[in-house]
Amino acid sequence: MTALAKPQAAAALEGAQTLGKHYLETLNLVERLHRQLLDVIKDELDRRDEREINSVQALLLFNVGDQQLTAGELRTRGHYLGSNVSYNLKKLVEAGYIHHERSEADRRSVLVNLTEKGEIVRKMLRELFERHLSSLEPVGNVAENNLDLLNTTLRRLERFWIDQVRFRL
């Protein structure tokens, strides 16, 4: 190895170690942030004395929104695992938060949309997130450009992970 190649190899190794450290920290943060979001939603449900559903189910209602979707569409959008979405949809239908009906186009599929009761929970979460917006920058020190860069990076990471599975890299 030449005298010039040794420092380059050391710098490359150091760069890989630093990237690895940041990557593992990102993995940990993504997992923790999702759990923290669920805690924030649970706290709001508790404040509103809403004890019939849990935070995962409330977030599911928020993500269904004003659309009519299948359980498969909810899964493919990346919000939920297969058994998780089926279980929670069943519970939400039983509790009257979601209406379901067989698809006319594909009788195997069940279409879901929010009932009036489900729409109340969706509105509650929308108000919670809007409340957060008013203090995100002054209290949380998170500006629009920070979120823009973060979202771009997270979309790239998502694409990377999708490719890892799709192409078995």
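In short, a report on the structure.

About the criteria used
- Residues numbered from 1 in each chain as written.
- Predicted model: local features only at pLDDT ≥ 70, side-chain atom pairs only at ≥ 80, totals over all residues.
- Heavy atoms only, no water.
- Salt bridge = Lys/Arg side-chain N within 4 Å of Asp/Glu carboxyl O.
- Helix = DSSP H or I, 4+ residues; strand = E, 2+ residues; numbered from the N terminus.
- Buried < 20%, exposed > 50% of the residue type's maximum accessible area, 1.4 Å probe, protein only.
- Polar contact = N/O pair within 3.5 Å; in protein donor to acceptor, adjacent residues only side chain to side chain.
- Phe/Tyr/Trp six-rings, centres within 6.5 Å; stacked < 30°, edge-to-face > 60°.
- Lys NZ or Arg CZ within 6 Å of the ring centre and 35° of its normal.
- Pairing = 2+ DSSP bridges.
- Contact = heavy atoms within 4.5 Å.
- Axes fitted to C-alpha atoms, helices over the stretch in contact; angles between N-to-C directions.

Quick notes on the pattern of salt bridges
For the structure shown, the criterion picks out 14 salt bridges. Two residues, Glu94 and Lys90, come together in a salt bridge whose shortest N-O distance is 3.7 Å. Residue Glu94 and its partner Lys90 are both found in helix 4 (residues 82–94); the two are separated by four residues, about one turn of the helix. The same class applies to Glu94 and to Lys90, which are both exposed.

Some points on helix 2 (residues 55–64)
In an α-helix, one turn spans 3.6 residues; hence positions three or four apart end up facing the same way. Counting buried positions along helix 2 gives eight out of 10 residues, so the element sits mostly inside the fold. Of the positions making up helix 2, those classed as buried are Ser55, Gln57, Ala58, Leu59, Leu60, Leu61, Asn63 and Val64. Between a side-chain oxygen at the N-terminus of helix 2 and the backbone nitrogen of Val56 the separation is 3.1 Å; the capping residue is Asn54. Trailing helix 2 by a residue or two, Gly65 shows a phi angle of about 60°, which is positive.

Concerning the packing of aromatic side chains
Taken as a whole, this structure holds one aromatic pair when the rule is applied. Arranged with centres 5.1 Å apart and planes meeting at 85°, the rings of Phe62 and Phe129 form a pair that is edge-to-face. Residue Phe62 is found in helix 2, and its partner Phe129 is found in helix 5 (residues 116–136); the two are separated by 67 residues along the sequence. Given a relative accessible area of 24%, Phe62 falls into the partly exposed group. One Lys or Arg, Lys117, reaches over the ring of Tyr97 and ends 4.7 Å from the middle of that ring.

Points about the sheet that holds strand 2 (residues 98–102)
Spatially, the three strands line up as an open sheet ordered 1-3-2, and their pairing is antiparallel. The open sheet has two edge strands with one neighbour each: strand 1 (69–70) and strand 2. Against the sheet, helix 2 makes contact with strand 1, strand 2 and strand 3 (110–114), and its axis sits at roughly 95° relative to strand 3, the strand it touches most.

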